[in-house]
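A structural walkthrough
This is what each chain is made of:
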Amino acid sequence: MKFILESFNQATNLILNLDRELLQIIFLSLKVSGIALFTATVIGLPLGAFVGLKRFVGRGLLITTLNTFMGLPPVVVGLFLYLMLSRSGPLGFLSLLYTPTAMIIAQTILAFPIVAGLTNSAVVRVAPIIKLASRSLGATSFQTTVTVIKEARYGIMSAVIAALGRVMAEVGAILIVGGNIAGYTRVMTTTIAMETDKGDFELAMALGIVLLLISLIINFFMFLIQKKGVREAPQ
């Protein structure tokens, strides 16, 4: 117990003193996850809305695929990207392996199905009468789509926040394609794993505290959004 308390105190000191290595790792984590989340949202949100609003051949298969990929194992994504980006792979000429770009691609692949799948669910749950009312008032297809998306906005926001939680806590894929290189591709989750294996718990615990705080903030905003959505939902 004394060892745990000492490690916690040292970890707290690293945070309070704004340790340079600690901040570098945190900023890189936020940068990689932020860009990945933005990319996944730009691609996944329109796709999820389209699938939720339109009826077309293969729609059921696409929804099933998105739902399946929402639980895609990170190590599988990492392995696939490694094979694609390695020197002997089809994309090896891009020299992206063991770079932050490769990590962003991996996290985008993991976040995209979550944004698309949950956006689809949010759009589908919008009461059909809203779409019918928009059309009866002379709204165009685009205006009707905007109205439905506006009604589903809290569900869509929850989808984005859920995807953020996924990428912030991810370790397997980015460890494989990033290589955990000090000062270049070392992020919070990979550093925690490495420092724990080395037996140096101060930095690992400090990053663990930061991750827990980020998780708390993410879940707090998720709670607020869901609460507001329930409050504004028609009774």
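The paragraphs below set out a description of the structure included in this document. None of these values were measured; they are calculated from a predicted model.

Looking only at helices and strands, the protein chain has eleven helices and zero strands in total. What you see in the protein chain, going N to C, is helices and strands ordered as α-α-α-α-α-α-α-α-α-α-α. Overall, the C-alpha framework of the protein chain stretches about 65 × 45 × 25 Å when taken along its three principal axes. Looking at the protein chain as shown, the accessible area adds up to about 13200 Å², and 70% of this sits on carbon and sulfur atoms.

So, on to the environment of S86. Counting through the fold element by element, S86 comes out in the loop between α4 (74-85) and α5 (100-124). Classification of S86 as buried rests on a relative accessible area of 10%. Other than its neighbours up to four places away in sequence, S86 contacts G92 and L97.

With that out of the way, let us pick up the packing of aromatic side chains. The final tally for this structure, using the stated rule, is three aromatic pairs. Considering the side-chain rings of F220 and F221, the 6.1 Å spacing of their centres and the 70 degrees angle between planes classify their relative orientation as edge-to-face. Judged by its relative accessible area of 44%, F221 is partly exposed.

Summed over all chains, the structure comprises one salt bridge. Note that K198 is salt-bridged to E195, the shortest N-O span being 3.4 Å. Of the two residues, K198 and E195 both sit in helix α10 (residues 188-198), three residues apart, roughly one turn of that helix. Overall, E195 belongs to the buried group, its relative accessible area being 7%.

Right, let's talk about the side chain of R166 for a bit. Mapped onto the fold, R166 is located in helix α8 (residues 153-168). Here the side chain of R166 touches M70 through a polar contact of 3.0 Å, landing on its backbone oxygen. Sequence-distant contacts of R166, that is, excluding residues within four places in its chain, are made with M70, L72, P74, L110 and I114.

Here we come to α5. The end-to-end C-alpha distance of α5, which contains 25 residues, comes to 36 Å, matching closely the 36 Å that a straight helix rising 1.5 Å per residue would cover. At A111, α5 shows its maximal bend, which comes to roughly 30 degrees, and the proline P113 appears one to four places after that position. Burial runs high along α5: 18 of the 25 residues are buried.

What follows covers a nonpolar patch on the surface. On the surface, L79, Y82, L83, Y98, I181 and Y184 cluster together to form a nonpolar patch covering roughly 540 Å² of accessible area. The residue Y82 is located in helix α4 in this model. On the basis of relative accessibility, which here comes to 30%, the residue Y82 falls in the partly exposed class.

What describes two packed helices is the angle between their axes and the distance between those same axes. Interhelical geometry of α5 versus α8 gives an angle of 160 degrees and a closest axis separation of 8 Å. Considering the angle they form, α5 stands roughly antiparallel to α8. Crossing geometry of α5 relative to α8 is assigned as right-handed. For the pair formed by α5 and α8, the contact residues are Q107, L110, A111, I114, V115, L118, T119 and A122 on the first element and G155, I156, A159, A162, A163, R166 and V167 on the second. Residue classes in the contact of α5 with α8 are distributed as eleven nonpolar, three polar and one charged.

Below, the discussion takes up the side chain of Q107. By the element assignment, Q107 lies in helix α5. Note on Q107: relative accessible area 2%, which makes it buried. If sequence neighbours within four positions are ignored, Q107 has contacts with V32, S33, A36, V167, E170 and I174.

With that out of the way, let us pick up helix α2 (residues 20-53). For α2, built from 34 residues, the straight-helix expectation of 50 Å at 1.5 Å per residue is met to within 8% by its first-to-last C-alpha distance of 48 Å. Helix geometry: α2 is bent most strongly at T41, by close to 30 degrees. Its side-chain oxygen at 3.2 Å from the backbone nitrogen of E21, D19 defines the N-terminal cap of α2.

Here we come to the environment of R153. Tracing the backbone through its elements, the reader meets R153 in helix α8. Residue classification places R153 among the partly exposed residues on the basis of a relative accessible area of 29%. In the structure, R153 is positioned 44 residues away from I109 in sequence and 23 Å away in space, judged by C-alpha atoms.

The rules behind these values
- Residues numbered from 1 in each chain as written.
- Predicted model: local features only at pLDDT ≥ 70, side-chain atom pairs only at ≥ 80, totals over all residues.
- Heavy atoms only, no water.
- Helix = DSSP H or I, 4+ residues; strand = E, 2+ residues; numbered from the N terminus.
- Areas by Shrake-Rupley, 256 points an atom, 1.4 Å probe, with all protein chains shown as cover.
- Buried < 20%, exposed > 50% of the residue type's maximum accessible area, 1.4 Å probe, protein only.
- Contact = heavy atoms within 4.5 Å.
- Phe/Tyr/Trp six-rings, centres within 6.5 Å; stacked < 30°, edge-to-face > 60°.
- Salt bridge = Lys/Arg side-chain N within 4 Å of Asp/Glu carboxyl O.
- Polar contact = N/O pair within 3.5 Å; in protein donor to acceptor, adjacent residues only side chain to side chain.
- Expected span 1.5 Å × (residues − 1).
- Bend = angle between axes of the 7 residues up to and from the residue.
- Patch = residues over 30% accessible without salt bridge, like charges linked within 9 Å, V, L, I, M, F, W, Y side chains within 5 Å.
- Axes fitted to C-alpha atoms, helices over the stretch in contact; angles between N-to-C directions.
- Parallel < 35°, antiparallel > 145°, perpendicular 65-115°, else oblique.
- Left-handed = near helix turned anticlockwise from the far one by under 90°.
- Nonpolar A, V, L, I, M, F, W, Y, C, P; charged D, E, K, R; others polar.

Shape is all these values report; function is a separate question.
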